[in-house]
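Structural overview for review
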Amino acid sequence: MRFTSERRLDDGVLEREFTLGEIPGILWTPGAPSAPAPLILLSPPPLGLRKTYPRLVARARQAAADGFATATIELPGSGGRPRLPGTEQAVTDLRRALEAGERVSDEVIDALILPLVDQAVPEWQTTLDALLALPEIGGPVGYSGGVISIGIRLVVVDPRISAAVLFAGSYVPRAMFEEARQVSIPLHVLLQWDDEGNDRQAALDLFDAFGSKEKSLNANMGGHTGVPQSAGDAAAQFFTRHLR
């Protein structure tokens, strides 16, 4: 891990950009930690870190106020990273189906999501290796964000993650439902009831499939970007209960 920039935000949070091989990312740590901070991995939407930075830094500031360090990385195919093979065609097929008012096929969803999951999860694990080697970072570790299929795979394969907040706002391959049954850590799932880009029933079925003994669903009226502040506050309280 190589840090490429450093600045102190107005609330004292230390923001450092880094690269890990070809993967860019950002680490935020509390202003005056008294001990190594628990860590929350902030998984961004696949729109590029620069475009989603305002949302990410707002979540990082809230987490720092609660005593957590947070980190994010650029997802494969996002920002300036090379596009994943087959993704552009999958996006074209997705848009065609939506414009025609048709159901998006399982084949299109698989082509769009599974290559992203297959590459992103090992990258998150490598990033976690590097972060936990820093003296200012300790455990336990939480995961927060979408694409929800990335979160499912990651919490199944990496036992270092103790709790997760998942955003039900992306298409989910059918194969991920079986992986969801293997999830056992505490979960808090956010669902926008009128999300124009999400199959509500599929999201509810996925929540039902999760194998966790402790899982909660926070559903709110509104579209994809209309998540209310109260939902963010509930997610923060969830992490405080499970990571502090």
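All of these numbers come straight from a predicted model, not from anything done at the bench.

**What to know about the overall build of the protein chain**
Helix and strand content of the protein chain: seven helices and nine strands. Here the protein chain has a C-alpha radius of gyration of 17 Å; the compact-globule value for 244 residues is 18 Å, and the two agree. Once the C-alpha set of the protein chain is aligned to its principal axes, its extents read approximately 55 × 40 × 30 Å. The burial tally for the protein chain puts 51% of its 244 residues in the buried class. Contacts spanning at least 24 positions in sequence make up 68% of the contacts within the protein chain whose residues lie at least 6 apart. If you sum the accessible surface of the protein chain, you get close to 11300 Å²; carbon and sulfur atoms cover 52% of it.

**Regarding the side chain of R153**
Structurally, R153 can be placed in helix 4 (residues 148-157). When its relative accessible area of 17% is taken as the criterion, R153 is described as buried. A distance of 2.7 Å separates the side chain of R153 from the side chain of E179, its partner in a polar contact.

**Section: the packing of aromatic side chains**
Within the structure shown, the criterion is met by three aromatic pairs. Consider the rings of F3 and F18, whose centres lie 6.4 Å apart with planes at 80 degrees: the pair is edge-to-face. A residue pair is termed long-range when its members are at least 10 positions apart, and F3 in strand 1 (residues 2-8) and F18 in strand 2 (residues 14-20) qualify at 15 residues. If you follow R244 out to its NZ or CZ, it ends over the ring of F68, 5.6 Å from the centre.

**Remarks on the side chain of T52**
Topologically, T52 is positioned in helix 1 (residues 49-65). In this structure T52 touches P44, P45 and L47, once residues within four positions along its chain are discounted.

**Some details on the confidence of the model for the protein chain**
Where the model shows low pLDDT, its predicted coordinates should not be examined in detail. Per-residue confidence for the protein chain averages 92 on the pLDDT scale, and 100% of its residues sit at or above 70. Averaged over each element, pLDDT in the protein chain is lowest for helix 2 (residues 87-99) (89) and highest for strand 5 (residues 69-73) (98).

**With respect to the nonpolar core**
L39, L41, Y143, I150 and F210 are the most contacted members of the largest nonpolar core, which has 55 residues in total. Broken down by element, the residue count for this core peaks at 11 residues, all from helix 3 (residues 106-132). Residues V13, I26, W28 and L49 belong to the second largest nonpolar core, which totals 22 residues.

**So, the sheet that holds strand 4 (residues 37-43)**
With respect to topology, nine strands assemble into an open sheet ordered 1-2-3-5-4-6-7-8-9, the strand pairing being mixed. Two strands in the sheet have a free side with no partner beyond their single neighbour: strand 1 and strand 9 (215-220). Strand-to-strand, the axes of this sheet are offset by a mean angle of 20 degrees, without reference to chain direction. Note that strand 3 (residues 23-29) and strand 5 share four bridges and pair antiparallel. Looking at the pairing, G25 lines up with I73 of strand 5. Across the sheet, helix 6 (residues 200-209) touches strand 8 (187-192) and strand 9, and the angle it forms with strand 9 is around 165 degrees. Along the sheet, helix 7 (residues 229-243) makes contact with strand 4, strand 6 (137-145), strand 7 (161-167), strand 8 and strand 9, crossing strand 7 at roughly 170 degrees.

Calculation criteria
- Residues numbered from 1 in each chain as written.
- Predicted model: local features only at pLDDT ≥ 70, side-chain atom pairs only at ≥ 80, totals over all residues.
- Heavy atoms only, no water.
- Helix = DSSP H or I, 4+ residues; strand = E, 2+ residues; numbered from the N terminus.
- Rg over C-alpha atoms; globule rule 2.2 N^0.38 Å.
- Buried < 20%, exposed > 50% of the residue type's maximum accessible area, 1.4 Å probe, protein only.
- Contact = heavy atoms within 4.5 Å.
- Areas by Shrake-Rupley, 256 points an atom, 1.4 Å probe, with all protein chains shown as cover.
- Polar contact = N/O pair within 3.5 Å; in protein donor to acceptor, adjacent residues only side chain to side chain.
- Phe/Tyr/Trp six-rings, centres within 6.5 Å; stacked < 30°, edge-to-face > 60°.
- Lys NZ or Arg CZ within 6 Å of the ring centre and 35° of its normal.
- pLDDT = per-residue confidence, 0-100.
- Core = buried A, V, L, I, M, F, W, Y, C linked by side-chain atoms within 4.5 Å.
- Pairing = 2+ DSSP bridges.
- Axes fitted to C-alpha atoms, helices over the stretch in contact; angles between N-to-C directions.

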